[in-house]
Amino acid sequence: MAHHYFPHTPDDVRAMLDACGVSSLDDLYADIPADIRLKKEYNLPESLSEKEIRDFFNGLAAKNRKLACFAGAGYYDHYTPAAVNSIIARSEFLTAYTPYQPEISQGTLQYIFEYQSMMAELTGMEVSNASMYDGTTATAEAMMMAVAAARKKNRVLISATINPAIRRVIETYAHYHGVVTDIIEEHDGVTSVDDLEKKLSAGDVAGVIVANQNFYGIAEDYSGWADKCHASKALLIMNCVASNLVVLRTPGEWGADIATGDAQSLGMPLSYGGPYLGFLCATKSLIRKMPGRITGATTDNDGRRVFVLTLQAREQHIRRDKATSNICSNQGLMALHTVVYLSLLGPKGLREVAEQGINGAHFLAGELIKTGKVKLTFPDKPFVNEFLLTCSFDPDELIRKGINAGILPGVKIGSDRLLITVTEMQTIGEMDKLVELVKSL
């Protein structure tokens, strides 16, 4: 069988075979049973020109239906400025060397440093790391930090109002690390402070995980929660929607010890599920319990500003048996994506994006309630850009009609509830169209 796609010349192949002490490629793979070897040419098409390749993939893309997306539940449809992709494709960033050797990886180290600085400011926390895969696993890592910091405690409380997908990932991590999890009950759409106090009184809690903008879109009041947790020697962990931290009290202002979540809402396209980026920020006292990498700035022998890895608490390095985390890869390109997005928008632009979503959500909620077909599930609770409706119809029926009309109306939660999100992406016309669809049911 000819190997048309090997980049090596016959002389290259011969040199490698000689080094291996075999006479042919078939001899090299002689241990593989003959009955499972491919004995025919690969089923690959003929080569195409650049235009033909572009036409082919454009044809595939055209098969996707583009819908006005009112679905959220943790991942949000935001606009990505055109400059973002152009900047992250620059060679000093995209092809910069892994950060272990600072003398040849200044581009990578600089954007990690800038990412950490921006996320620390956004969350109101003292330090931030890099290298988190997504918001769900980042929150699970925060749980492990709390247990590691507590040492003799291995029980973690999780608010019932946190995203169920995040809770399931936390529980999976907990199961395989010997951590006991318990749910703090919810009451009328928010976490029960009475149940928190009851469960903290046992004295065995290492950490408490809550949502800063909960699964129903409600902005909960966590006044005094940090004091209650700290009095029981437990850490307060907040899972956040990153883009809305500019209009909500930050985890730092609430007195949280760890802030975590997904940075996808900071301009990352939904992309059918990723790649996304988890963030994890904390108080300085927890810095040595953090997974991933931390980059710092210093000066070289000539007095120039340079960047270096300051801390890398990873399991394949020293004391791996005592490692807090198994996170071992850098989600570097998406961290760079976040840095460029935040740099382009700045505080004013980021606030404007958040306010457009909030204003749109409150407008749409009001118009939908006027139809008489739906009502707010928690009418007395303040919501941000996401809200939960109780419907007089099956939400699946609305979703089917909406998709046929070019709209994804939301996410079905239970038999009669629909979670709807608004960002800067949905127009008034699209909102009006959704209202008319609800009227027709």
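This text goes with the structure placed above it.
Quick summary incoming for the structure in this document. This is a predicted model, so every value here is computed, not measured. (Residues numbered from 1 in each chain as written. Predicted model: local features only at pLDDT ≥ 70, side-chain atom pairs only at ≥ 80, totals over all residues. Heavy atoms only, no water.)

**Remarks on unusual backbone geometry**
For step 1, the next point in the chain: Across the junction of Gly274 and Pro275, the peptide omega takes the value 5 degrees, indicating a cis bond.
For step 2, the next point in the chain: When you line up the elements, Pro275 lands in the loop between strand S9 (258–262) and strand S10 (278–282).
For step 3, the next point in the chain: Its identity as a non-glycine residue notwithstanding, Arg151 has a phi of 65 degrees, on the positive side.
For step 4, the next point in the chain: Tracing the backbone shows Arg151 in the loop between helix H7 (135–150) and strand S3 (155–159). (Helix = DSSP H or I, 4+ residues; strand = E, 2+ residues; numbered from the N terminus.)

**Some thoughts on the pattern of salt bridges**
For step 1, the next point in the chain: Here the structure, examined in full by the defined rule, presents 15 salt bridges.
For step 2, the next point in the chain: With a shortest N-O distance of 3.5 Å, Arg304 and Asp302 are connected by a salt bridge. A single burial state applies to Arg304 and to Asp302, both of which are exposed. (Salt bridge = Lys/Arg side-chain N within 4 Å of Asp/Glu carboxyl O. Buried < 20%, exposed > 50% of the residue type's maximum accessible area, 1.4 Å probe, protein only.)

**Things to note about the side chain of Thr338**
For step 1, the next point in the chain: The residue Thr338 is located in helix H12 (residues 332–370) in this model.
For step 2, the next point in the chain: Take Thr338: its relative accessible area is 0%, and that puts it in the buried class.

**Let's talk about H7**
For step 1, the next point in the chain: With 16 residues, H7 extends 23 Å from end C-alpha to end C-alpha; this agrees with the ideal 22 Å at 1.5 Å per step.
For step 2, the next point in the chain: Among the 16 residues of H7, 13 are classified as buried, and the element is accordingly described as predominantly covered.
For step 3, the next point in the chain: Positioned one or two residues after H7, Arg151 has a phi angle of 65 degrees, which is positive. (Expected span 1.5 Å × (residues − 1).)

**A closer look at the sheet that holds strand S8 (residues 235–241)**
For step 1, the next point in the chain: Across the sheet, which stays open at both edges, the seven strands sit in the order S2-S10-S9-S8-S7-S3-S4 with mixed pairing between neighbours. Each having just a single partner strand, strand S2 (127–128) and strand S4 (180–184) make up the two edges of the open sheet.
For step 2, the next point in the chain: By the bridge criterion, four bridges tie S3 to strand S7 (residues 205–212) in an arrangement that is parallel. In the sheet register, Arg155 faces S7, and the bridge partner there is Val205.
For step 3, the next point in the chain: Strands S3, S4, S7, S8, S9 and S10 of the sheet are contacted by H7, whose axis makes an angle of about 160 degrees with S9. (Pairing = 2+ DSSP bridges. Contact = heavy atoms within 4.5 Å. Axes fitted to C-alpha atoms, helices over the stretch in contact; angles between N-to-C directions.)

**Here's the deal with a nonpolar patch on the surface**
For step 1, the next point in the chain: Taken together, the side chains of Leu48, Ile53, Phe56, Phe57 and Leu60 define a hydrophobic patch exposed on the protein surface, amounting to about 470 Å² of accessible area.
For step 2, the next point in the chain: When its relative accessible area of 38% is taken as the criterion, Leu60 is described as partly exposed. (Patch = residues over 30% accessible without salt bridge, like charges linked within 9 Å, V, L, I, M, F, W, Y side chains within 5 Å. Areas by Shrake-Rupley, 256 points an atom, 1.4 Å probe, with all protein chains shown as cover.)

**So, the sheet that holds strand S17 (residues 417–421)**
For step 1, the next point in the chain: Taken in spatial order, the four strands make up an open sheet running S13-S14-S17-S16, and their pairing is antiparallel. Because the sheet does not close on itself, it has two edges, and the strands there are strand S13 (374–376) and strand S16 (411–412).
For step 2, the next point in the chain: Where S16 and S17 come together, two bridges link them in antiparallel fashion. If you follow Val411 over to S17, its bridge partner there is Leu419.
For step 3, the next point in the chain: With respect to the sheet, helix H13 (residues 395–404) is in contact with strand S14 (386–391), S16 and S17, its orientation differing from that of S17 by roughly 45 degrees.

**A look at the nonpolar core**
For step 1, the next point in the chain: Met119, Leu122, Val208, Leu236, Met238, Leu266 and Phe279 are the most contacted members of the largest nonpolar core, which totals 46 residues.
For step 2, the next point in the chain: At the level of elements, helix H4 (82–88), helix H6 (106–123), helix H9 (193–200), S7, helix H10 (225–231), S8, S10 and H12 are the ones that each hand at least two residues to this core.
For step 3, the next point in the chain: In this view, Leu122 contacts Ala242, Leu245, Val246, Thr250, Leu266 and Leu350; residues no more than four positions away in its chain are not counted.
For step 4, the next point in the chain: In this structure, Ala138, Met143, Val156 and Leu286 belong to the second largest nonpolar core, which totals 30 residues. (Core = buried A, V, L, I, M, F, W, Y, C linked by side-chain atoms within 4.5 Å.)

**Section: helix H8 (residues 164–177)**
Each full turn of the α-helix corresponds to 3.6 residues, which orients residues three or four apart in the same direction.
For step 1, the next point in the chain: The terminal C-alpha atoms of H8 lie 20 Å apart, and with 14 residues this matches the ideal 20 Å at 1.5 Å per residue to within 8%.
For step 2, the next point in the chain: Of the positions making up H8, those classed as buried are Ile166, Ile170, Tyr173 and Ala174. One side of H8 holds all its buried residues, which, seen down the axis, span an arc of 100 degrees. Exposed and oriented more than 90 degrees from the buried face of H8 are Arg168, His175 and Tyr176.
For step 3, the next point in the chain: For H8, the N-terminal capping position is held by Asn163, with its side-chain oxygen 2.9 Å away from the main-chain nitrogen of Ala165.
For step 4, the next point in the chain: Following H8 by one or two positions, Gly178 has its phi on the positive side, about 70 degrees. (Arc of directions from axis to C-beta. Polar contact = N/O pair within 3.5 Å; in protein donor to acceptor, adjacent residues only side chain to side chain.)

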